[in-house]
Each structure stands twice: as structure tokens, then as C-alpha cells.
Amino acid sequence: VQLQASGGGLVQAGDSLRLSCAASGRTFNRFTMGWFRRPPGKERDFVAAISWSGNTSYYADSVKGRFTISRDNARNTVYLQMNSLKPEDTAVYSCAADRSGHGITSLDSKYDFWGQGTQVTVSS
């Protein structure tokens, strides 16, 4: 499985962005998908995850109520809608796929496939 993230950019505080992650392969609809981010000079953090069906999602407290994860299995794509962006949301955002079928998780070690990151910069 190959993952390709896109949609990052430079925005002002309060603006919105939508990230996309396109996946190759026919088994995308069986994978839990997650978004993670790495702020400058910091460790990678969990952002959000969504079950294979799209019926269950989970968010980091720092983004809850502002970010929404969704997926379109027909398009092999997962999205991250980011609203009310803050300067502290500045990071490289990466998508990841968990093929285990064990349910959604925030642990990056549980994800098997990773896409390249897309930079999101939020100015104050």
C-alpha cells in the first residue's frame, strides 16, 4: 500500500485546510486510517483515526471539535478537515494505515504503512 498526502499549505490563524491521503491497493477499505503530525523540533503526535467503515473516529484532545477525519472508500482516500487552525497546529502531517483490523488506535507503532508528510504552517 502506498499513501500520498496532499493539501498542506501556509494559512493564517482561524483559517481552514483539508488534507487528503490517497491510497493505492484494493484493500484500503479494510484498513484503519490515521493522521499524525510532527511539529518543528518535536516528536510525532497522534491527530485522528477512523475505522475501516468510517463509523468510528477518535481524536486527540488538542484537535477535538476543530478537526474532522473522514474517508471515501470508493476513492481510496481519507481526509482531514482542519478548521479554526492555530499556530500550534503547525507541523508536518502524515497519514498512516493499520491493516490489523483490531480497531482504531492512536499508537503510531500499530500502523503499518505511512505516507510522506505534507507541511501545514499556521501564522498568527
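Preceding this section is the structure that the text describes.
Let me begin by describing the structure that accompanies this report. (Residues numbered from 1 in each chain as written. Predicted model: local features only at pLDDT ≥ 70, side-chain atom pairs only at ≥ 80, totals over all residues. Heavy atoms only, no water.)

Some thoughts on the state of the cysteines
Part 1 of the argument: Evaluated as defined, the whole model comprises one disulfide.
Part 2 of the argument: The side chain of Cys21 participates in a disulfide bridge whose partner is Cys95; the two sulfur atoms lie 2.1 Å from each other. A torsion of 65 degrees about the S-S bond marks the disulfide between Cys21 and Cys95 as right-handed. You can see Cys21 sitting in strand β3 (residues 17-23) and its partner Cys95 sitting in strand β9 (residues 91-98), a full 74 residues away along the chain. Like Cys21, the residue Cys95 is buried in the burial classification. (Disulfide = S-S within 2.5 Å. Helix = DSSP H or I, 4+ residues; strand = E, 2+ residues; numbered from the N terminus. Buried < 20%, exposed > 50% of the residue type's maximum accessible area, 1.4 Å probe, protein only.)

As for the nonpolar core
One recurring pattern in soluble globular proteins is that nonpolar side chains are buried together.
Part 1 of the argument: Formed by 35 residues in total, the largest nonpolar core has its most connected members in Met33, Trp35, Leu80, Met82 and Tyr93.
Part 2 of the argument: Sorting the residues of this core by element identifies β1 (3-6), β3, β4 (32-38), β5 (45-50), β7 (67-72), β8 (77-82), β9 and β11 (118-123) as the ones contributing at least two each.
Part 3 of the argument: Among all residues touching Tyr93, those that are not within four sequence positions of it are Leu19, Trp35, Phe36, Arg37, Val47, Phe67, Leu80, Met82, Gln116, Gly117, Thr118 and Val120. (Core = buried A, V, L, I, M, F, W, Y, C linked by side-chain atoms within 4.5 Å. Contact = heavy atoms within 4.5 Å.)

A short note on the sheet that holds β8
Part 1 of the argument: Across the sheet, which stays open at both edges, the four strands sit in the order β1-β3-β8-β7 with antiparallel pairing between neighbours. Each end of this open sheet is capped by a strand with a single partner; those strands are β1 and β7. The sheet shows a mean angle of 15 degrees between the axes of neighbouring strands, taken without regard to direction.
Part 2 of the argument: As paired elements, β1 and β3 share four bridges and run antiparallel to each other. Looking at β3, one finds that Ser6 is bridged to Ser20. (Pairing = 2+ DSSP bridges. Axes fitted to C-alpha atoms, helices over the stretch in contact; angles between N-to-C directions.)

Digging into the pattern of salt bridges
Part 1 of the argument: Applying the stated criterion across every chain yields a total of six salt bridges.
Part 2 of the argument: Put simply, Arg44 and Asp108 hold a salt bridge, and the shortest N to O gap is 3.2 Å. Of this pair, Arg44 sits in the loop between β4 and β5 while Asp108 sits in the loop between β9 and β10 (113-114), placing them 64 residues apart in sequence.
Part 3 of the argument: The partner of Arg75 in a salt bridge is Asp72, and the shortest N-O contact between them spans 3.3 Å.
Part 4 of the argument: Accessibility expressed as a relative area gives 60% for Arg75, which makes it exposed.
Part 5 of the argument: Through salt bridges with shared partners, a single network forms among Arg37, Arg66 and Asp89. (Salt bridge = Lys/Arg side-chain N within 4 Å of Asp/Glu carboxyl O.)

It is worth stressing that arrangement in space is one thing and function is another; only the former is reported here.
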